[in-house]
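A closer look at the structure
So you can see what is in the structure, the chains are spelled out below.
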Amino acid sequence: MLIGVPKEIKVQELRVGLNPGNVKELVAEGHQVMVETNAGIGISATDEDYIAAGATIVKDPKEIFAKADMIVKIKEPLKNECLMLREGQIIFTYLHLAADHEQAELLKKSKCVAIAYETVTDDRGGLPLLAPMSEVAGRMAIQEAAWALEKKNGGRGVLMGGVTGVAPANVVVLGGGVVGSCAARMAAGMEANVTIFDNRLQRLRELDLMFGPRVKKLYTTKEDIEKAVYEADVVVGAALVPGDDTPKLVTREMLKHMKKGAVMVDVAIDQGGCFETSRPTTHEDPIFEVDGIVHYCVTNMPGAVARTSTYAMNNASISFVKEIANKGYKRAILENKHLANGLNVCFGKITNQAVAHALKQEFVCPCEILK
């Protein structure tokens, strides 16, 4: 199979779909890989590194989209990239279609085979291609919150861990999954006062074993969230419904009762966000204020640490890339229910039930298209 790796074009996105090591793996199994020139510059991988791994370097992304059987990216294709996709071409990347109706329509129109990292599953009920970036984003949420809390950024001027004789920040984490648990770990490590919410009792038991008394664990109720948010210096939105819209756990009305200069970090912004007042931001302009509350809503947080993120992502994705390349997408999807869960759009149809629900469109089972 001919696999194409274009350079990412989203603002401040420096990750890359395949690192040189994984290119070498694919070439060793008989596949060809085309990489756009300077695609790896953000992870300190030169064109020469890719050539040494067996890739062909091309200057124009149009050539990659025109020739490749499968496009491997990190972020969702922007409009001009969607317009270059063709019928039957595979694109394997993050899509986050629940919050992006335009992209969904463009993918449908192209009749490509769009497989989303974020909805690929595993035997334990997890999301193996979302988890690495969730780990990064959860950790980053706290360091970005600490920065945003500084007075010069509009924050309360509170040090996350406090100092002798001065109380630490109150950090509230909404969601106890990978993002939430990583955020709670980082905040507790900085000696903040941390409360984490989840609506799954088994997960709360796991969090109790994970953190012990260092972190307060609470079942998600509207009343308890309100109490915690009103006392918070930092709120991290870490709730997720795979493929679907994110529940709005903090309303605009609640902001009126929060401490002025408190910081809200919405890690779920790719899926529409946990906060009613959230809107997507970029690394170039990451924060804004609503009713005196600082919002950090960058849609590609892990892109700021591109090297760490790329290698973490590639460690998780390479087995799936190989499976698609070795078997072809039809056989790979029909034989692997977890890849089938990753198929979001195929030949103009929405093929993931949660995505179809979010977009208010008809769901078509992949088996009906690929049989």
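Our structure is the block above this text.
Residues numbered from 1 in each chain as written. Predicted model: local features only at pLDDT ≥ 70, side-chain atom pairs only at ≥ 80, totals over all residues. Heavy atoms only, no water.

Thoughts on helix H7 (residues 178–189)
Convention followed: Each helix corresponds to a stretch of at least 4 residues labelled H or I by DSSP, and each strand to a stretch of at least 2 residues labelled E; elements are numbered beginning at the N terminus. Expected helix span is taken as 1.5 Å per residue step, with the number of steps being one fewer than the number of residues. Per-residue accessibility, obtained with a 1.4 Å probe over protein chains only, is compared with the maximum for each type, and a residue is labelled buried under 20%, exposed over 50%, and partly exposed between these values. Working rule for contacts: check all heavy atoms of both residues, and any pair within 4.5 Å makes them a contact.
With 12 residues, H7 extends 16 Å between its outermost C-alpha atoms, agreeing within 8% with the 16 Å of an ideal straight helix rising 1.5 Å per residue. Those residues of H7 not exposed but buried are Val179, Gly180, Ser181, Cys182, Ala183, Ala184, Ala187 and Ala188. In this structure, the buried side of H7 is in contact with helix H6 (131–148), strand S7 (170–174), strand S8 (193–198), helix H8 (201–211), strand S9 (215–219) and strand S10 (234–237).

Examining the sheet that holds strand S11 (residues 263–266)
What counts here: Two strands form a pair only when DSSP identifies at least two bridges running between them. Only the stretch in contact is used when a helix axis is fitted, and all axes are lines through C-alpha atoms; the angle between N-to-C directions ranges over 0 to 180 degrees.
On the basis of which strands lie adjacent, the open sheet formed by 7 strands has the order S9-S8-S7-S10-S11-S13-S12 and mixed pairing. A strand with exactly one partner marks an edge of an open sheet, and here the two such strands are S9 and strand S12 (287–290). Within the sheet, the average angular offset between the axes of one strand and its neighbour, ignoring direction, is 20°. Judged from the 5 bridges that link them, S7 and S8 form a sheet pairing that is parallel. In the strand pairing of S8, Val171 is matched with Val194. Contacting S7, S10, S11, S12 and strand S13 (293–296), H6 crosses the sheet at an angle of about 150° to S11. Packing against the sheet, H8 makes contact with S8 and S9, and its axis sits at approximately 175° to S9.

Overview of the pairing of S11
Residues Val263 and Val265 line one face of S11 and the alternating positions Met264 and Asp266 line the opposite face, and both faces are buried. As defined by bridge partners, S10 adjoins S11 across 4 bridges and the pair is classed as parallel. Residue Gly237 lies in a different strand from S11, and its bridge partner there is Asp266. Pairing geometry for S11 and S13, over 3 bridges, is parallel. Looking across to S13, one finds that Val263 is bridged to Val294.

Some words on the packing of aromatic side chains
Two measures describe an aromatic ring pair: the distance that separates the ring centres and the angle between the ring planes. As a reminder, the rule being used: Aromatic pairing here means that ring centres of Phe, Tyr or Trp (its six-membered ring) are within 6.5 Å. Orientation follows from the plane angle: under 30 degrees is stacked, over 60 is edge-to-face, and everything else is tilted.
Considering all chains together, one arrives at 2 aromatic pairs under this definition. When the ring of Phe92 is compared with that of Tyr117, the centres are 4.7 Å apart and the planes differ by 65°; the resulting orientation is edge-to-face. Linking Phe92 in strand S5 (residues 90–93) with Tyr117 in the loop between strand S6 (113–116) and H6, this pair joins segments that are 25 residues apart in sequence. The exposure class assigned to Phe92 is buried, which follows from its relative accessible area of 0%. Residue classification places Tyr117 among the buried positions, given a relative accessible area of 0%.

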